[in-house]
Amino acid sequence: MYVLGIESTAHTFGVGIVEDGEVLSNERDVYKPASGGIIPREAALHHYTLGPSILKAALKRAGVGIKEIDLFAFARGPGILSCLKTGAQMAAFLSAKYGREVVGVNHCIAHIEIARKCSGFADPLMLYVSGGNTQIITFQNGRYVVFGETQDIGIGNLLDKVGRRLGIPFPAGPKIEEYAKAGKHYIKMPYSIKGMDVSFSGIETFISRVQNEHRIEDVCFSLQETVFSMLIEASERAMAYCKKDSMIIAGGVAANTRLNEMGKMMCGERGSSFARIPMEYAGDNGAMIAYTGYLMRDYDRQLPQPKPNFRTDAEVIKYR
Ligand code: AMP
Ligand code: MG
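Cut-off values and rules
- Position labels on residues start from 1 in each chain and follow its written sequence.
- As a convention, the first chain written is A and the first ligand written is 1, with the rest following in written order.
- With pLDDT at 70 or above as the cut-off, local features in this predicted model cover only qualifying residues; side-chain atom pairs require 80 or more to be listed or tallied, and sums for whole chains, interfaces and linings still use all residues.
- Side-chain figures throughout are based on the complete set of non-hydrogen atoms in the structure, without hydrogens or water.
- For each residue, the test is whether any non-hydrogen atom lies within 4 Å of the molecule or strand; if one does, the residue is near.
- Any pair of nitrogen or oxygen atoms within 3.5 Å is treated as a polar contact; in protein, a donor-acceptor pairing is required on top of that, and neighbouring residues in sequence qualify only through side-chain atoms on both sides.
- Only the protein chains shown count as cover for residues, and the accessible areas themselves come from Shrake-Rupley with a 1.4 Å probe.
- Every helix listed is a DSSP run of H or I at least four residues long, and every strand listed is a run of E at least two residues long, numbered separately from the N terminus.
- How far a helix is expected to stretch is found by multiplying one less than its residue total by 1.5 Å.
- Type-normalised accessible area, obtained with a 1.4 Å probe on protein chains alone, sets the label of each residue: buried when under 20%, exposed when over 50%, and partly exposed for intermediate values.
- The arc in question is formed by the directions pointing from the helix axis toward the C-beta atoms.
- Whether two residues touch is decided by their heavy atoms; if any such pair falls within 4.5 Å, the residues are in contact.
- At least two DSSP bridges between two strands are needed for those strands to be called paired.
- Axis geometry follows a simple rule: fit a line to the C-alpha atoms, using only the stretch in contact for helices, then measure angles between N-to-C directions, giving values from 0 to 180 degrees.
- Where a domain begins and ends is set by an automatic assignment or by a domain database.
- Note: buried area is the sum, over both parts, of the accessible area (probe 1.4 Å) each one loses when the two are combined.
- Think of a salt bridge as a Lys or Arg side-chain nitrogen and an Asp or Glu carboxyl oxygen that are within 4 Å of each other.
- Following the grouping adopted for this structure description, the nonpolar residues are Ala, Val, Leu, Ile, Met, Phe, Trp, Tyr, Cys and Pro, the charged ones are Asp, Glu, Lys and Arg, and the polar ones are all others, Gly among them.
- Each metal's donors are the N, O and S atoms found within 2.8 Å of it, except that Na, K and Ca use a 3.2 Å limit; water is left out, so coordination can look incomplete.
- Each crossing gets its handedness from the near helix: less than a right angle anticlockwise from the far helix is left-handed, clockwise is right-handed.
- Nonpolar cores were defined as sets of buried Ala, Val, Leu, Ile, Met, Phe, Trp, Tyr and Cys residues, with membership established by side-chain atoms within 4.5 Å.
- Stacked, edge-to-face and tilted labels apply to pairs of Phe, Tyr and Trp rings (six-membered ring for Trp) whose centres lie within 6.5 Å, assigned for plane angles under 30 degrees, over 60, and everything in between, in that order.
- We count a charge as sitting over a ring when the NZ of a lysine or the CZ of an arginine lies within 6 Å of the ring centre and within 35 degrees of the ring normal.

Close to ligand 1 lie 17 residues, the nearest being His11, Asp160, Glu177, Gly252 and Asn256. At a separation of 3.0 Å, a nitrogen atom of ligand 1 approaches a polar side-chain atom of Asn256. Burial of ligand 1 by the protein amounts to 90% of the accessible area it has alone, namely 510 Å². Looking at the shell around ligand 1, the elements that each hand over two or more residues are helix H4 (155-165) and helix H5 (173-181).

So, on to helix H7 (residues 216-242). An α-helix turns once per 3.6 residues; consequently, residues spaced three or four apart project the same way. Here H7 is 27 residues long and its end C-alpha atoms lie 39 Å apart, about the 39 Å a rise of 1.5 Å per residue gives. Along H7, 20 of the 27 residues are buried, which leaves the element largely enclosed by surrounding structure. At the exit of H7 stands Lys243, carrying a positive phi of roughly 55 degrees.

This part covers helix H6 (residues 201-210). All of the buried residues in H6 are Ile203, Glu204, Phe206, Ile207 and Val210. Looking straight down H6, one finds its buried side chains confined to an arc of 160 degrees; they lie on one side. Buried residues along H6 sit in contact with H4 and H7.

This part covers the sheet that holds strand E11 (residues 246-250). The strand order across the open sheet formed by five strands is E8-E7-E6-E11-E12, and the pairing between neighbours is mixed. A strand with exactly one partner marks an edge of an open sheet, and here the two such strands are strand E8 (143-149) and strand E12 (273-276). For this sheet the average axis-to-axis angle between neighbouring strands, irrespective of direction, equals 25 degrees. Bridge count for E11 against E12 is four bridges, and the pairing is parallel. Looking across to E12, one finds that Met247 is bridged to Phe274.

Annotation of the chain at the domain level lists domain 1 (2-110 + 281-314) and domain 2 (121-278). Counting residues at the interface gives 18 residues for domain 1 and 18 residues for domain 2. Taking both sides of the interface into account, the surface hidden between domain 1 and domain 2 amounts to around 1400 Å²; carbon and sulfur atoms contribute 59%. For domain 1, the biggest contributors to the area lost against domain 2 are Ala282, Thr312 and Asp313; these three give 34% of the whole. Taken together, the connections running from domain 1 to domain 2 amount to one salt bridge. The salt bridge partner of Glu149 is Arg311, with a shortest N-O separation of 3.3 Å. Seen at the junction of domain 1 and domain 2, the total is nine residue pairs in polar contact (both at pLDDT 80 or more). Put simply, the parts of the chain that give the side of domain 1 that touches domain 2 at least two residues each are helix H3 (107-119) and helix H9 (279-282). Of the residues forming the side of domain 1 that touches domain 2, the biggest block, three residues, is contributed by H3. For the side of domain 1 that touches domain 2, the residue count by class is nine nonpolar, six polar and three charged.

Taken together, the protein donors to the magnesium ion (ligand 2) comprise His107 (NE2), His111 (NE2), Tyr128 (OH) and Asp284 (OD), at separations of 2.1 to 2.6 Å. Each donor residue of the magnesium ion (ligand 2) belongs to the same chain, with the gaps between them written as H-x3-H-x16-Y-x155-D. A residue pair is termed long-range when its members are at least 10 positions apart, and His111 in helix H3 and Tyr128 in strand E6 (residues 125-129) qualify at 17 residues. Residue classification places Tyr128 among the buried residues on the basis of a relative accessible area of 0%.

Right, let's get into the packing of H7 against helix H8 (residues 257-270). H8 packs onto H7 with a crossing angle of 35 degrees between their chain directions and a minimal axis gap of 10 Å. Relative to H8, H7 is oriented so that their crossing is right-handed. Taken together, the residues of H8 that come into contact with H7 (itself represented by Gln224, Glu225, Phe228, Ser229, Ile232, Ser235, Glu236, Met239 and Ala240) are Arg258, Leu259, Met262, Gly263, Met266, Cys267 and Arg270. Of the residues assigned to the contact of H7 with H8, the class counts are eight nonpolar, four polar and four charged.

So, on to the nonpolar core. Grouped together as the largest cluster of nonpolar side chains are 79 residues, with contacts concentrated most on Leu127, Ile155, Phe200, Ile203, Leu223 and Met247. The residues that make up this core include at least three from each of domain 1 (2-110 + 281-314) and domain 2 (121-278). Excluding residues within four positions of it along the chain, Met247 makes contact with Phe121, Pro124, Leu125, Leu127, Ile232, Ser235, Met239, Met266, Cys267, Ser273, Phe274 and Ala275. In terms of nonpolar packing, the next biggest core, distinct from the first, is built from 21 residues, Leu4, Val15, Ile54 and Ala88 among them.

A word on the packing of aromatic side chains. The tally for this structure, following the rule as stated, stands at two aromatic pairs. Taking the centre distance of 5.6 Å and the plane angle of 45 degrees together, the rings of Phe147 and Tyr241 count as tilted. Residue Phe147 is found in strand E8, and its partner Tyr241 is found in helix H7; the two are separated by 94 residues along the sequence. Judged by relative accessible area, Tyr241 falls into the exposed class, the value being 60%. The cationic tip of Arg76 hangs over the ring face of Phe310; the distance from NZ or CZ to the ring centre is 5.3 Å. The ring of Tyr179 is capped by Lys175, whose NZ or CZ atom sits 5.4 Å from the centre of that ring.

Below, the structure written as structure tokens:
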């Protein structure tokens, strides 16, 4: 069975194809604003313009004809409405033209499912860290429950905002990581955990006040140490409470080596397993939507309509 998945929730337009759950192709292109953050209209135009060529590339790489696709999956949300619409429209068009059904996938759950597949862990705690999302998620009573999350902005969003202040273009995460490696002096920053939730916005304000007094390397180093410690502390608490013995990190920020090091250290001390997700599947991608669509193949069918505020815990997981 071939499932084609379309990802378009934010900056990435991706198309992936799976055959019986195995990934055949995973093509994408990422919208990069000239300056500042994502402009929804521009991102949607990027997706709309490049979508067809990414679709063709994914089919070509997979060696599959469009008429052979059995099911179309698309990311319903959460995400930016104008961006979500481009993926939903493509799914609707393909469905009508080729007479195949459409399944709408929760983007956060797709990150979890591809991470579960890559790690081989049956029931891990998931730290999902991306541009717009920061969630600690566990599976309980048929749903993915958000055990802890950011009370304001996503961690990637924080890194990108701080990056903008420091003159680092979007997406700032990789460059911040590079600077952090040369950091020597730790600057104490606001460390804000409330229960299992975290809060980041105070850190940006703090950095705006002190950035001129310190080397950029030290600012980046201290920023990473502070926010990653917060996330790992909250994750450890969730693991203990939910009695999970494995952990995975996914989302664009999962590309960060230091964050993975900390996760591995924490799990090592608890006697738990830790896995780092391959780079190809860490950020937004179409393969994770196709794969999750494949898991949902016998259960859910939706009208190809976006759901911008689609919560992780809103979906009843019928395939687990
Ligand atoms: P996503 O929304 O999942 O595609 O993730 C995008 C976010 O990941 C952006 O905010 C990037 O700044 C961030 N990011 C990418 N690479 C890294 C890295 N090496 N370290 C930290 N953050 C990163
Ligand atoms: Mg994402």
